Amino acid sequence: MYAGERFSTYTNRDGLAGEVIIDISQDPEGNMWFSALGGGLTQLVEGKLRNRSEMLPKKNASVWKIFWDKEQLLWLASNKGMAKYKLGKKLNIPFPGVLYDVMEDSKGNIWVASENGLNKIEEGKVISYNSDDGLLNEQIRCLLEDAEGNIWAGTYGGGLYKMEGNRFVQVGNDRSLKKAFISGIVQDKKGSIWFSTI
């Protein structure tokens, strides 16, 4: 942690549940959450670390995305499915398998990226998108809704996709981009779309 020109380091000796941290998020109360590779979920409250691994979707699950929606529901997307919480109570959510990202769009729909395609929860119904809908590579790693409401999806080895109508279209003519491993997508204040690759 960096604050006021000072660095602070937290390890398992301080109570951190795992040291290979794969996601960090802040909850609506301002507390920080950390998820670790191979299992481990930790909450930082008033300077003290609390092990929250009992909230994992399954034992030793690696949570790739810690996400709070507009209703302050907590979503934990992992390599062993999804866990969803409301006021500390676990809710049933039908998403098994390997999940990488969760996003809420401007209409209140929840999008879930998985190794087997993309899912949208709209008014309680799950709509799935896969190769039949233009996603030639179904291993979705990251998501973005841009300022115009367009949905973008980054894949593992299949480049970048943008939703047009009810289908996804691969973006870019460069051969290397079409086979790129996309790890993150953001939009800057000027409207440009940035994506990172591995």
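Values in this document were obtained by computation on a predicted structure and should not be read as measured data.

## What about the sheet that holds strand 12 (residues 110–114)?
The sheet built from four strands is open, its strands ordered 11-12-13-14 with antiparallel pairing. The open sheet has two edge strands, strand 11 (99–104) and strand 14 (125–129), and neither has a second partner. Averaged over all adjacent pairs, the angle separating strand axes in this sheet is 20 degrees, with direction ignored.

## Digging into the layout of surface pockets
Reported here for the largest pocket is a volume of approximately 340 Å³. A breakdown of the residues in the lining of the largest pocket according to their chemical character gives eight nonpolar, four polar and five charged.

## Points about the packing of aromatic side chains
Inspection of every chain in the model, using the stated rule, returns five aromatic pairs. On the basis of an interplanar angle of 80 degrees and a centroid distance of 4.5 Å, the ring pair of Y156 and F181 is categorised as edge-to-face. Of this pair, Y156 sits in the loop between strand 16 (151–155) and strand 17 (160–164) while F181 sits in the loop between helix 1 (175–178) and strand 19 (182–187), and the two are 25 residues apart along the sequence. Through successive ring pairs, a cluster of aromatic residues spans W111, Y129 and F168. Its end group placed over the ring of Y100, R141 keeps NZ or CZ at 3.9 Å from the ring centre.

## Some thoughts on the environment of S192
Within the secondary structure, S192 is located in the loop between strand 19 and strand 20 (193–197). Among the residues examined, S192 registers a relative accessible area of 37% and is labelled partly exposed. Along the chain, S192 and D146 lie 46 residues apart, while their C-alpha atoms are 9.3 Å from each other. Not counting chain neighbours up to four residues away, the residues in contact with S192 comprise V186 and Q187.

Scoring rules and cut-offs
All residue numbers refer to positions counted from 1 along the written sequence of the respective chain. Local features in this predicted model are restricted to residues of pLDDT 70 or higher, and side-chain atom pairs are both shown and tallied only at a pLDDT of 80 or more, whereas totals for entire chains, interfaces and linings draw on every residue. Excluded from the side-chain calculations are hydrogens and water; all other atoms, namely the structure's heavy atoms, are used. Note on pairing: DSSP must find at least two bridges between two strands before they are called paired. Helix and strand assignments follow DSSP, with helices taken as H or I runs no shorter than four residues and strands as E runs no shorter than two, numbered in order from the N terminus. Only C-alpha atoms enter the line fits that serve as axes; for helices the fit covers just the stretch in contact. Angles between N-to-C directions range over 0 to 180 degrees. Think of a 1 Å grid over the protein atoms and nothing else: a 1.4 Å probe that fits but is trapped marks a cavity, an open set flanked by protein within 12 Å on at least five of seven lines marks a pocket, and residues with an atom within 4 Å of a point count as lining. Grid points are joined across faces, edges and corners, and a volume is the space filled by probe spheres set on the points. Residue polarity is assigned by list, with Asp, Glu, Lys and Arg as charged and Ala, Val, Leu, Ile, Met, Phe, Trp, Tyr, Cys and Pro as nonpolar; anything else, Gly included, falls into the polar class. Centres within 6.5 Å are what make two rings of Phe, Tyr or Trp a pair, Trp counting through its six-membered ring; a difference in plane orientation under 30 degrees is then read as stacked, over 60 as edge-to-face, and the rest as tilted. Any Lys NZ or Arg CZ that is within 6 Å of a ring centre and within 35 degrees of that ring's normal is treated as a charge sitting over the ring. Using a 1.4 Å probe on the protein chains alone, a residue whose accessible area is under 20% of its type maximum counts as buried, one over 50% counts as exposed, and one in between counts as partly exposed. Contacts are residue-level and defined by heavy atoms, with any inter-residue pair within 4.5 Å sufficient.

Function cannot be inferred from these measures alone, as they are strictly geometric.
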